[in-house]
Amino acid sequence: MTPTIPDFAYRRVPVAVDVSLNVAVGGSGSPIVLLHGFPQTHLMWRHVAADLAADHTVICPDLRGYGASDKPAEADGTTYAKRTMAADIVALAHALGHERFALAGHDRGALVAFRAGLDHPEAVTHLACLDVLPTLDMWNVMHGTAAAVGFHLYLMAQPAGLPERMIEADPDTFFGHFLDIWTNTPQAVPADIRAAYLDACRTAVTSIVADYRASAHIDVDQDRADRDAGSQLRMPVTVLQQDWGGALGFDARAIWKAWAPDLTHTTVTCGHFMAEEAPEQIVAALRELMAR
């Protein structure tokens, strides 16, 4: 059976035309929405969600195109634009009765959270982004052989057909590669969770590629338009990330500070899957954020 977050209720919530999200909800109190990354599902938040549920309503969806959520065909670049995916999350929170909520995202989910913070400041009270740079900045710092770690970004940016066929030839090896190399503590992703991630990815290759493809095109255009307009995140923001700047030669805090004047930036020593490897640290950071 597919693992679940214990004591959380599961439901499907319509958020757009022909798109419903699979979501786990638990706890009570002020709401916080937790958005997962790649190649994961909402299950990556299982430890953090259980702790926060002691005094918050915790909402953990699978993003559109991932997990058990709907996977609409890529009609055009907007289908998996982060603007579209952010609108899903705002609609989800509203459907669950929350006009305003805190929002935390990891990896792909952090890019959705970032866009939600820019597009819906009236809804997002606090924002946390784990182990990413905003899309425009991410592409700007990728250069030289040190950037080979991001080969998948370039692969999935290619026109429809090629990356899908290549990944579908051996999806478990492709997605499993990231689960292996991005964790400092392999036991943090136990066998049943790893199997659930691979099962979910195996049936979502087309939509996952579409999500990444959007980040090489429309997401960059929308970030650039916001930067040119001087748009910034108006809410308190917390960023936790590995020291990618040390490896690739950029100042991560300075990049984030340009977008988020009210910023707490922390460099962590755990691996990429920090909510699973260091859940206590993530919980503490989120609680500090929501107290600001």
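The shown structure was predicted, so the numbers you read here are calculated from the model rather than taken from an experiment.

Draft legend 1. Representation of the overall build of the protein in the model. Regarding its fold elements, the protein presents 14 helices and eight strands. The globule rule puts the C-alpha radius of gyration for 292 residues at 19 Å, and the 17 Å found for the protein is close to it. Taken over the C-alpha atoms alone, the protein extends approximately 45 × 45 × 40 Å along its principal axes. Considering only residue pairs separated by 6 or more positions, the protein has 76% of its internal contacts joining residues 24 or more positions apart. By element, 55% of the accessible surface of the protein is carried by carbon and sulfur atoms, the whole surface being about 11300 Å². Between the averaged position of the 21 positive side-chain charges in the protein and that of its 35 negative side-chain charges there is a distance of 3 Å.

Draft legend 2. Representation of the side chain of Asp223 within the structure. With respect to the helices and strands, Asp223 occurs in helix H10 (residues 218-229). The exposure class of Asp223 is buried, given its relative accessible area of 4%. At a separation of 2.9 Å, a polar atom in the side chain of Asp223 contacts the side chain of Arg115. One polar contact links the side chain of Asp223 to the main-chain amide nitrogen of Leu136, over a distance of 3.2 Å.

Draft legend 3. Examining empty space enclosed by the protein more closely. One pass over the full model with this rule turns up two cavities of 30 Å³ or more. Of the volumes computed, that of the largest cavity is approximately 400 Å³. Elements supplying a minimum of two residues to the lining of the largest cavity: helix H3 (108-119), helix H4 (135-141), helix H5 (151-155) and helix H11 (244-248). Taken together, the residues of the lining of the largest cavity break down into 13 nonpolar, four polar and three charged. For the second largest cavity, the calculated volume is near 40 Å³.

Draft legend 4. Representation of the packing of helix H7 (residues 171-181) against helix H8 (residues 191-202) in the model. In contact at an axis separation of 10 Å, H7 and H8 are set at 135 degrees when each is read in the N-to-C sense. Overall, the two elements H7 and H8 adopt an arrangement that is oblique. The element H7 and its partner H8 pack so that their crossing is right-handed. When H7 is examined against H8, the residues Pro171, Asp172, Phe175, Gly176, Leu179 and Asp180 are found in contact with a partner set consisting of Arg194, Tyr197, Leu198, Cys201 and Arg202.

Draft legend 5. Geometry of the pairing of strand E2 (residues 19-26). Burial within E2 is extensive, with eight of its eight residues counted as buried. Neither face of E2 is exposed, since Val19, Leu21, Val23 and Val25 on one face and Ser20, Asn22, Ala24 and Gly26 on the opposite face are all buried. What sits between strand E1 (residues 9-16) and E2 in their antiparallel hairpin is a turn of two residues, with Asp18 showing a positive phi close to 60 degrees. Where E2 meets strand E4 (residues 56-61), four bridges bridge the pair, whose relative direction is antiparallel. Residue pairing in the sheet places Val25 in a bridge with Ile59 of E4.

Draft legend 6. Structural view of the packing of helix H2 (residues 82-95) against H3. At a closest axis distance of 8 Å, the pairing of H2 and H3 adopts a crossing angle of 80 degrees. For the element pair H2 / H3, the angle class is roughly perpendicular. Residue-level inspection shows Lys82, Arg83, Met85, Ala86 and Ile89 of H2 in contact with H3, the latter providing Arg108, Leu111, Val112, Arg115, Ala116 and Asp119. The class makeup of the residues in the contact of H2 with H3 is six nonpolar, no polar and five charged.

Draft legend 7. Region of interest: the side chain of His126. Along the chain, His126 turns up in strand E6 (residues 124-130). Looking at His126, the relative accessible area reads 12%, which means it is buried. Engagement of the side chain of His126 in a polar contact is seen with the side chain of Thr125, the distance being 2.9 Å. In terms of polar contacts, His126 uses its side chain to reach the backbone carbonyl oxygen of Arg292, at 3.1 Å. Excluding residues within four positions of it along the chain, His126 makes contact with Phe101, Ala102, Leu103, Met235, Pro236, Leu289, Met290 and Arg292.

Draft legend 8. Highlighting the confidence of the model for the protein. On average, residues of the protein score 97 in pLDDT, and 100% of them reach the 70 mark or higher. Between the elements of the protein, mean pLDDT differs from a low of 83, seen in H11, to a high of 99, seen in E4.

Draft legend 9. Representation of the layout of surface pockets within the structure. Quantified by volume, the largest pocket comes out at close to 180 Å³. Every residue lining the largest pocket is counted, 14 residues in all, and those nearest its centre are Thr2, Thr41, Gly67, Ala68 and Ala200. Per element, the largest residue contribution to the lining of the largest pocket is three residues, and it comes from H8.

Reading the values: rules and limits
Residues numbered from 1 in each chain as written. Predicted model: local features only at pLDDT ≥ 70, side-chain atom pairs only at ≥ 80, totals over all residues. Heavy atoms only, no water. Helix = DSSP H or I, 4+ residues; strand = E, 2+ residues; numbered from the N terminus. Rg over C-alpha atoms; globule rule 2.2 N^0.38 Å. Contact = heavy atoms within 4.5 Å. Areas by Shrake-Rupley, 256 points an atom, 1.4 Å probe, with all protein chains shown as cover. Lys, Arg positive; Asp, Glu negative; His and termini not counted. Charge placed at Lys NZ, Arg CZ, Asp CG, Glu CD. Buried < 20%, exposed > 50% of the residue type's maximum accessible area, 1.4 Å probe, protein only. Polar contact = N/O pair within 3.5 Å; in protein donor to acceptor, adjacent residues only side chain to side chain. 1 Å grid on protein atoms, 1.4 Å probe; cavity = no way out; pocket = protein on both sides within 12 Å on 5 of 7 lines; lining within 4 Å. Points joined across faces, edges and corners; volume = space filled by probe spheres on them. Nonpolar A, V, L, I, M, F, W, Y, C, P; charged D, E, K, R; others polar. Axes fitted to C-alpha atoms, helices over the stretch in contact; angles between N-to-C directions. Parallel < 35°, antiparallel > 145°, perpendicular 65-115°, else oblique. Left-handed = near helix turned anticlockwise from the far one by under 90°. Pairing = 2+ DSSP bridges. pLDDT = per-residue confidence, 0-100.

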